[in-house]
Amino acid sequence: QVQLEDSGGGLVQAGGSLRLSCAASGRTFSSYTMGWFRQGPGKEREFVGAVSWSGGNTEYADSVKGRFTISRDNAKNTVYLQMNSLKPEDTAVYFCAAAWKLTYELYTRGAYEYWGQGTQVTVSS
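Because the structure is predicted, anything quoted here is derived from the model rather than measured.

For the structure on display, the rule yields seven aromatic pairs. Taking 6.4 Å as the distance between ring centres and 70° as the angle between the ring planes, the aromatic pair formed by F47 and Y107 counts as edge-to-face. In this pair, F47 is assigned in strand β5 (residues 46-51) and Y107 in the loop between β9 (92-100) and β10 (114-115), connecting sequence segments 60 residues apart. Since its relative accessible area comes to 13%, F47 is described here as buried. Here the aromatic cluster, defined as three or more aromatic residues joined through ring pairs, consists of F37, F47, Y107, Y112 and W115. Over the ring of W115 we find R45, and its NZ or CZ is 5.0 Å from the ring centre. Geometry around W53 places K101 over its ring, the cationic atom sitting 5.1 Å from the centre.

Next up, the structure:
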């Protein structure tokens with residue numbers, strides 16, 4: 001069992017930056033691929049980015065490539081999402097998620113077993 005607590009959301013102007021954090025419980029954090037998803041108003045939950053359990057592979061949605069960076073610190077059981085050059089269309093609730101040793105197609109929402117409660121990101125124009 002893994003419990004995830006995501007944080008770091010807030011209100012920011014377009015062009016600004018935020019860093020989201022996701023703290024995980026449990027001793028097997030290093031065996032989980034960690035992903036970030038988001039759900040905007042009236043939209044389905046969509047993939048943002050993920051880092052593999054080995055740390056050797058990252059994937060990003062086309063809409064955030066070059067602006068967002070995901071990283072993990074296994075010593076702290078924490079995964080981060082650094083978001084730069086934010087746009088109003090990035091406004092959403094952001095969720096972190098964990099998938100046991102997911103190795104490929106990290107964007108597959110159904111592969112993630114555990115989810116955080118979500119943190120709101122609002123980007124004003």
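Structure shown, so let's carry the discussion forward.
If you walk through the whole model with that rule in mind, you get four salt bridges. As a salt-bridge pair, K65 and D62 come within 3.2 Å of each other at their nearest N and O atoms. For R67, the salt bridge identified is with D90, shortest N-O distance 2.8 Å. With R67 in the loop between β6 (58-60) and β7 (68-73) and D90 in the loop between β8 (78-83) and β9, this residue pair connects regions lying 23 residues apart in the sequence. Considered together, R67 and D90 belong to a single accessibility category, that of buried residues.

Attention now moves to the nonpolar core. Grouped together as the largest cluster of nonpolar side chains are 36 residues, with contacts concentrated most on L4, M34, W36, L81, M83 and Y94. Of all the elements in the fold, those that place two or more residues in this core are β3 (18-24), β4 (32-39), β5, β7, β8, β9 and β11 (119-124). Broken down by element, this core gets its largest block of residues, six residues, from β9. For L4, the residues in contact, after removing those within four places along its chain, are C22, A23, A24, M34, C96, A97, A98, Y114, W115, G116 and Q117.

Another aspect to go through is the environment of G35. Among the secondary structure elements, G35 is positioned in strand β4. When the C-alpha atoms of G35 and I70 are compared, they prove to be 8.5 Å apart, with 35 residues separating the residues in sequence. Leave out the neighbours within four places in its chain, and G35 touches G49, A50, F95, C96, A97 and Y112.

A word on the sheet that holds β3. Reading across the sheet, the four strands line up as β1-β3-β8-β7 and stay open at both edges, with antiparallel pairing between neighbours. The open sheet has two edge strands, β1 (4-7) and β7, and neither has a second partner. The mean inter-strand angle of the sheet, taken between neighbouring strand axes irrespective of direction, is 15°. In this sheet, β8 lies alongside β3 in antiparallel orientation, the contact comprising six bridges. Residue pairing in the sheet places R19 in a bridge with Q82 of β8.

The rules behind the values
Residues numbered from 1 in each chain as written. Predicted model: local features only at pLDDT ≥ 70, side-chain atom pairs only at ≥ 80, totals over all residues. Heavy atoms only, no water. Phe/Tyr/Trp six-rings, centres within 6.5 Å; stacked < 30°, edge-to-face > 60°. Helix = DSSP H or I, 4+ residues; strand = E, 2+ residues; numbered from the N terminus. Buried < 20%, exposed > 50% of the residue type's maximum accessible area, 1.4 Å probe, protein only. Lys NZ or Arg CZ within 6 Å of the ring centre and 35° of its normal. Salt bridge = Lys/Arg side-chain N within 4 Å of Asp/Glu carboxyl O. Core = buried A, V, L, I, M, F, W, Y, C linked by side-chain atoms within 4.5 Å. Contact = heavy atoms within 4.5 Å. Pairing = 2+ DSSP bridges. Axes fitted to C-alpha atoms, helices over the stretch in contact; angles between N-to-C directions.

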